[in-house]
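Examining the three-dimensional arrangement
For reference, the chains in residue letters:
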Amino acid sequence: MKFQARALIIASTLLGAMTSLAPAFADGMVSYPYDWVLELKTKPLTRQFEYQGSTLKKIEKVLVEYHPAKDADTKTAYEFLWYNGGKALGMEKQRKFDLPQGEGVAIRVSHMNGSSTEGENKAAANAILRLALDTYLNKNPIVQVRLPAETFNDITNHLVSLGMQVAPEGVEDGAYSSNLTLFLYSEPDGNKKVLYI
């Protein structure tokens, strides 16, 4: 049991060190501490179900694509998610989650209109956890989650409302029990938060 705990602490420490690395240059190529990027793009659909008697007044759509970390131009559609006020309504899978097992991923959130609504922020938080399940089942570690600086706190708070906890500051990685740890960073840089379940 002690060996497993030590191995977990060592693995968590190494993962924490990897997430703090900036892209480095090697042989003229930019290298990242992850292999794939899962992009979540939120979009409000303000008039999607606007007709008399409809209770669905505001719909948020999340488009999910992935691409190799070093090739943002080669995007593959994965799924579309629909929300109403952050509550899941539906999903349309475009393909199987077929990233190579064991390769690290980063999740990157953006808002197609530049700014976002409260519903989009809730939808983004929910979609992050859904993708965390997909990556977990496919044995792909989430190295980091990149959030827009202007919505960093809102999305973080919604993740907490969905059951995640804020890791204690100044406590070594692995000093708390966790089934899932998300290292959140803002874009541009400036905010960082560690959440866990």
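Examining the sheet that holds strand β5 (residues 76–84)
- Overall, mixed pairing links the nine strands, which are arranged β6-β5-β4-β3-β7-β8-β10-β11-β9 in an open sheet. Two strands lie at the open edges of the sheet, namely β6 (87–93) and β9 (165–166), each paired on one side alone.
- Pairing analysis gives five bridges linking strand β10 (residues 181–187) to strand β11 (residues 192–196), with the strands arranged antiparallel. Residue pairing in the sheet places Thr 181 in a bridge with Tyr 196 of β11.
- Its contacts with the sheet place helix α3 (residues 152–161) against β7 (105–111), β8 (142–148), β9, β10 and β11, and it is angled at close to 10° to β11.

Some points on the confidence of the model for the chain
- With 82% of its residues at a pLDDT of 70 or more, the chain shows a mean pLDDT of 85.
- Under a pLDDT of 50 for its full length, residues 1–29 has, in the predicted model, 22 contacts with residues more than four places off or in other chains.

Focus on a nonpolar patch on the surface
- Side chains of Leu 133, Tyr 136 and Leu 137 sit close together on the surface and give an oily, nonpolar patch of about 370 Å² of accessible area.
- Tracing the backbone through its elements, the reader meets Tyr 136 in helix α2 (residues 118–137).

Overview of the packing of aromatic side chains
- Counted according to the given criterion, the structure contains six aromatic pairs.
- Between Tyr 32 and Tyr 34, the ring centres sit 5.5 Å apart and the planes meet at 35°, which makes this aromatic pair tilted.
- The buried category is assigned to Tyr 34, whose relative accessible area is 13%.
- Centroid distance Tyr 78 to Phe 97: 5.2 Å. Interplanar angle 70°. Geometry classified as edge-to-face.

Definitions and cut-offs
- Residues numbered from 1 in each chain as written.
- Predicted model: local features only at pLDDT ≥ 70, side-chain atom pairs only at ≥ 80, totals over all residues.
- Heavy atoms only, no water.
- Pairing = 2+ DSSP bridges.
- Helix = DSSP H or I, 4+ residues; strand = E, 2+ residues; numbered from the N terminus.
- Contact = heavy atoms within 4.5 Å.
- Axes fitted to C-alpha atoms, helices over the stretch in contact; angles between N-to-C directions.
- pLDDT = per-residue confidence, 0-100.
- Patch = residues over 30% accessible without salt bridge, like charges linked within 9 Å, V, L, I, M, F, W, Y side chains within 5 Å.
- Areas by Shrake-Rupley, 256 points an atom, 1.4 Å probe, with all protein chains shown as cover.
- Salt bridge = Lys/Arg side-chain N within 4 Å of Asp/Glu carboxyl O.
- Phe/Tyr/Trp six-rings, centres within 6.5 Å; stacked < 30°, edge-to-face > 60°.
- Buried < 20%, exposed > 50% of the residue type's maximum accessible area, 1.4 Å probe, protein only.

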